[in-house]
Amino acid sequence: MSRWWGAAAGRLRTAVSNSRSLYLSSSPPAAAYHTIQAIARECTGSKVSARDRAQGRIPAVVFAQQLLTGGKISGRSVSRKRLLTTERKQIQAILKSVEPEFICSTTFPLQIRAGSGSSVLLESGTVLPLKIHRDEATGKVLNLVFAWADEGSELKVDVPLVFKGEDVCPGLKKGGYLNRIRPSLKFLCPAEHIPSKIEVDVSNLDIGDRILMHDVEVHPSLKLLSKNETMPVCKIVAAKLERAESGEV
């Protein structure tokens, strides 16, 4: 079994995101990442989970995101909720290959097998990590929560914002300060167009300039989930104004 999991973890490939436009950097196709290998489980409970962790496995669950949000479920039904265990070494390798802030906006292929080393494939699909529960003291991963991200379905995703162009920004060269107001934006995304991050270009901003939510360019299929799209995501603030707002003399 260790050889089977070791070979799986060893084939991990790192994907590179390509920018679609001035602001958007989308996630690469799911196949560009290593396929998560999981084993179906039937039993639950703290004792069962503790035993799995002691054996080098991480308990996991995958279901339709709408079960959490209360939305209409399409595609995979409630009955396709799956209780799983994953190999700790493989999950650690995947987490090391993706920056932490992008994990929950990156989709991965998933294969569910009948048992350790089994060639019997019970189910496969694409999933989006929703939560990674860690031990507060050690940082070790305790549990994983995934949502099915089948083609044709839509998911609500908090997509991180990455600001670029600071080295040539006119406002910053004049001594201004980049006020990052929003670290992320929430979108309703088709599963096949979930961006791992969105790049916001500040290279042309002067002091006092700002970029608003509706200024950020994304794939046309993405729907911004905000009641006020005129709120800024960032602003170039004069250094003196920054000190005044912070109460400094």
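A few points on the structure. Just so we're clear, the structure is a prediction, and the values are computed from it rather than from any experiment.

Definitions and cut-offs
Residues numbered from 1 in each chain as written. Predicted model: local features only at pLDDT ≥ 70, side-chain atom pairs only at ≥ 80, totals over all residues. Heavy atoms only, no water. Helix = DSSP H or I, 4+ residues; strand = E, 2+ residues; numbered from the N terminus. Buried < 20%, exposed > 50% of the residue type's maximum accessible area, 1.4 Å probe, protein only. Contact = heavy atoms within 4.5 Å. Areas by Shrake-Rupley, 256 points an atom, 1.4 Å probe, with all protein chains shown as cover. Pairing = 2+ DSSP bridges. Salt bridge = Lys/Arg side-chain N within 4 Å of Asp/Glu carboxyl O. Axes fitted to C-alpha atoms, helices over the stretch in contact; angles between N-to-C directions. Arc of directions from axis to C-beta. Core = buried A, V, L, I, M, F, W, Y, C linked by side-chain atoms within 4.5 Å.

Scanning the chain for helices and strands turns up six helices and 14 strands. Looking at the chain as a whole, 44% of its 249 residues are labelled buried. Once local pairs closer than 6 in sequence are excluded, the contacts in the chain between residues at least 24 apart make up 70%. As displayed, the chain has an accessible area near 13300 Å², and 50% of this comes from carbon and sulfur atoms.

As a general feature of sheets, a regular strand has side chains that alternate between the two faces. For strand β10 (residues 184-190), a buried count of six out of seven residues is recorded, marking the element as mostly surrounded by other parts of the structure. In this sheet, β10 lies alongside strand β8 (residues 154-164) in antiparallel orientation, the contact comprising seven bridges. When the bridges of β10 are listed, Val 157 appears paired with Phe 187. Note that β10 and strand β13 (residues 223-224) share two bridges and pair antiparallel. Residue pairing across strands places Phe 187 opposite Leu 224, the latter belonging to β13.

A few words now on the pattern of salt bridges. Overall, the coordinates contain seven salt bridges when judged by the stated rule. The closest approach of N and O atoms between Lys 197 and Glu 199, which form a salt bridge, is 3.9 Å. Note on Lys 197: relative accessible area 17%, which makes it buried. Salt bridges linked by common partners bring Lys 164, Lys 197 and Glu 199 together as one network.

Once that is clear, we can look at the sheet that holds strand β5 (residues 108-113). The six strands lie next to each other as β2-β4-β3-β7-β6-β5, forming a closed barrel whose pairing is mixed. Sheet twist, expressed as the mean angle between neighbouring strand axes with direction ignored, is 45°. In terms of strand pairing, strand β6 (residues 121-134) meets strand β7 (residues 141-148) through seven bridges, oriented antiparallel. If you follow Pro 129 over to β7, its bridge partner there is Phe 146. Helix α2 (residues 46-54) rests against β3 (57-63), β4 (82-87) and β7 of the sheet, and its axis sits at about 125° to β3. Sitting on the sheet, helix α4 (residues 88-97) is in contact with β2 (36-40), β3, β4, β5, β6 and β7, with an inclination near 80° to β4.

Let us now look at the environment of Asp 52. Checked against the element boundaries, Asp 52 lands in helix α2. Using a relative accessible area of 3% as the deciding quantity, one classes Asp 52 as buried. For Asp 52 and Thr 86, which are 34 residues apart along the polypeptide, the C-alpha to C-alpha distance reads 9.3 Å. The contact partners of Asp 52, leaving out residues within four places of it in the chain, are Arg 41, Arg 57, Pro 59 and Thr 85.

Here we come to α2. Turning to α2, its buried residues number three or more, namely Val 48, Ser 49 and Asp 52. When α2 is viewed along its axis, its buried side chains cluster within an angular range of 100° and face the same direction. Summarising the geometry of α2, the exposed residues directed more than 90 degrees from the buried face are Ser 46, Lys 47 and Ala 54. Two residues or fewer past α2, Gly 56 is found with a positive phi of approximately 85°.

Across the sheet, three strands lie side by side as β9-β14-β12; this open sheet has antiparallel pairing. Two strands close off the open sheet at either side, each with one partner strand: β9 (177-180) and β12 (210-212). Each adjacent strand pair in this sheet contributes to an overall mean axis angle of 10°, direction not counted. Relative to strand β14 (residues 232-237), β12 runs antiparallel, the two being bridged by three bridges. Note that in β14 the partner of Arg 210 across the bridge is Lys 235.

Attention shifts here to the nonpolar core. By size, the foremost hydrophobic cluster in this structure holds 31 residues, and its most contacted members are Leu 155, Leu 185, Phe 187, Ile 211, Val 233 and Cys 234. Within the residue set of this core, elements represented by two or more residues are β3, β6, β7, β8, β10, β11 (197-201) and β14. The element that contributes the greatest number of residues to this core is β8, accounting for five residues. Look past the residues within four positions of Cys 234 in its chain and what remains in contact with it is Phe 163, Leu 178, Asn 179, Arg 180, Ile 181, Val 202, Leu 205, Arg 210 and Ile 211. If you look at the next biggest cluster of nonpolar residues, it comprises 20 residues, including Ile 36, Leu 95, Leu 110 and Phe 146.

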